[in-house]
Amino acid sequence: VLAANALFTSAGADVGTIAKPARDIAGRNVLIALFAAPLVETLVLSAVLEGLRRLTRRVEVAAVASAFAWGAAHAWFHPLWFFGTVWSFYVFSRGYLAWRPVSYKHALGAAALPHALVNASALSMQFFAQR
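Presented here is an overview of the structure given in this document.

What counts and what doesn't
Positions within a chain are numbered from 1, following the residues in the order the chain's sequence is written. The model is predicted, so local features are restricted to residues of pLDDT at least 70 and side-chain atom pairs to those at 80 or more, both for listing and for counting; the totals for chains, interfaces and linings are taken over all residues. Side-chain metrics rest on all non-hydrogen atoms present in the structure, leaving aside hydrogens and water. Numbering of helices and strands starts at the N terminus; helices are DSSP runs of H or I of at least 4 residues and strands are runs of E of at least 2. Here's how the labels work: a residue is buried when its accessible area is under 20% of the maximum for its type, exposed when over 50%, partly exposed in between, all with a 1.4 Å probe on protein chains only. Contacts are residue-level and defined by heavy atoms, with any inter-residue pair within 4.5 Å sufficient. The method behind every accessible area is Shrake-Rupley, applied with a 1.4 Å probe, and residues are considered shielded solely by the protein chains displayed. Here, nonpolar core refers to any group of buried Ala, Val, Leu, Ile, Met, Phe, Trp, Tyr and Cys residues whose side-chain atoms link them within 4.5 Å. Given the number of residues in a helix, its expected span is that number minus one, multiplied by 1.5 Å. Here the aromatic set is Phe, Tyr and Trp, taking the six-membered ring for Trp, and pairing holds for ring centres within 6.5 Å; pairs whose planes are under 30 degrees apart are stacked, those over 60 apart are edge-to-face, and all others are tilted. Surface patches are drawn from residues lacking salt bridges whose relative accessible area is over 30%; two like charges belong together within 9 Å, two nonpolar side chains (Val, Leu, Ile, Met, Phe, Trp, Tyr) within 5 Å. Between Lys or Arg on one side and Asp or Glu on the other, a salt bridge is scored when a side-chain nitrogen of the former is within 4 Å of a carboxyl oxygen of the latter. Fitting a line to C-alpha atoms yields each axis, with helices limited to the stretch in contact; the angle taken between N-to-C directions then spans 0 to 180 degrees. Any angle from 65 to 115 degrees is called roughly perpendicular, while one under 35 is roughly parallel, one over 145 is roughly antiparallel, and all others are oblique. Here is the rule for handedness: rotate from the far helix to the near one, and if that takes an anticlockwise turn smaller than a right angle the crossing is left-handed, while a clockwise turn gives right-handed. Residues are grouped as follows: Ala, Val, Leu, Ile, Met, Phe, Trp, Tyr, Cys and Pro are nonpolar; Asp, Glu, Lys and Arg are charged; all remaining types, including Gly, are polar.

1. Things to note about the overall build of the chain
1) Next: Tallying secondary structure elements over the chain gives five helices and zero strands in all.
2) Next: Taken from the N to the C terminus, the helices and strands of the chain come in the order α-α-α-α-α.
3) Next: Counting across all 131 residues of the chain, residues that qualify as buried make up 33%.
4) Next: At a minimum sequence separation of 6, the contacts of the chain that also span at least 24 residues come to 65%.
5) Next: Accessible area for the chain stands at about 8,300 Å²; split by element, carbon and sulfur atoms hold 70% of it.

The structure is reproduced here in structure tokens:
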């Protein structure tokens, strides 16, 4: 995200118009960001990946396609979110696909736990930026 921000800024783009609007962490529902969002998005991720796996046997192709789809979905709200989201969901997708042969429960955990940690780190940065 920082690299994309620097690239757009150096090209003369006003990143303020495409960046996420400022938010006060006190107004955010931390429980939703840390628990509900990772769980719901991981359930949707599992459905997307199961569908992609029916189209291709190549794990890498499924993970990359999933990552770009999630990046596009998040960019719909805030365009700069695309860049961080693509990498994160690539990692979540690979975790899910690596653990899926073991069990569905393990696969969900392998994707949801890192997702919750990413959200926690983002919330922490917002919290400490106010101090």
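From this point, the discussion proceeds with the structure in view.
2. Comments concerning the nonpolar core
1) Next: Formed by 16 residues in total, the largest nonpolar core has its most connected members in L45, L49, Y96 and L97.
2) Next: A per-element tally of this core places helix α4 (residues 81-99) first, with six residues.
3) Next: Apart from the residues lying within four places of it in its own chain, the contact partners of Y96 are L45, S46, L49, E50, Y104, A107, L108, A110 and A111.

3. Here we look at helix α5 (residues 104-129)
1) Next: Here α5 is 26 residues long and its end C-alpha atoms lie 38 Å apart, about the 38 Å a rise of 1.5 Å per residue gives.
2) Next: Looking only at α5, the buried set comprises A107, L108, A110, A111, A112, H115, A116, N119, L123 and Q126.
3) Next: If you follow the buried residues of α5, they end up packed against α2 (30-55) and α4.

4. Looking at the packing of aromatic side chains
1) Next: Counting across every chain of the model gives six aromatic pairs.
2) Next: The interplanar angle of 75° and the centroid separation of 4.9 Å between the aromatic rings of F89 and F92 together place this pair among those described as edge-to-face. Separated by three residues within a single helix, F89 and F92 lie in helix α4, roughly one turn from each other.
3) Next: By relative accessible area, F89 is classed as buried at 3%.
4) Next: With 6.4 Å between their ring centres and 85° between their planes, Y96 and Y104 make a pair best called edge-to-face.
5) Next: A network of ring pairs unites the aromatic residues F68, F82 and F83 as a single cluster.

5. Re a nonpolar patch on the surface
1) Next: A surface patch of nonpolar side chains, amounting to about 260 Å² of accessible area, comprises L39, L43 and Y104.
2) Next: For Y104, the position within the fold is in helix α5.
3) Next: A relative accessible area of 34% means that Y104 is categorised as partly exposed.

6. Focus: the environment of F83
1) Next: Inspection of the secondary structure puts F83 in helix α4.
2) Next: When the C-alpha atoms of F83 and A72 are compared, they prove to be 9.3 Å apart, with 11 residues separating the residues in sequence.

7. A closer look at the packing of α2 against helix α3 (residues 59-75)
1) Next: Contact pair α2 / α3: the axes reach a minimum separation of 10 Å and the direction vectors enclose 135°. Taken together, the axes of α2 and α3 are oblique relative to one another. Crossing of α2 against α3: the hand is right-handed. Residue-level inspection shows E41, V44, L45, L49, L52 and R53 of α2 in contact with α3, the latter providing V59, A62, A65, S66, W70 and H74.
2) Next: Across the contact of α2 with α3, the residue classes break down as eight nonpolar, two polar and two charged.

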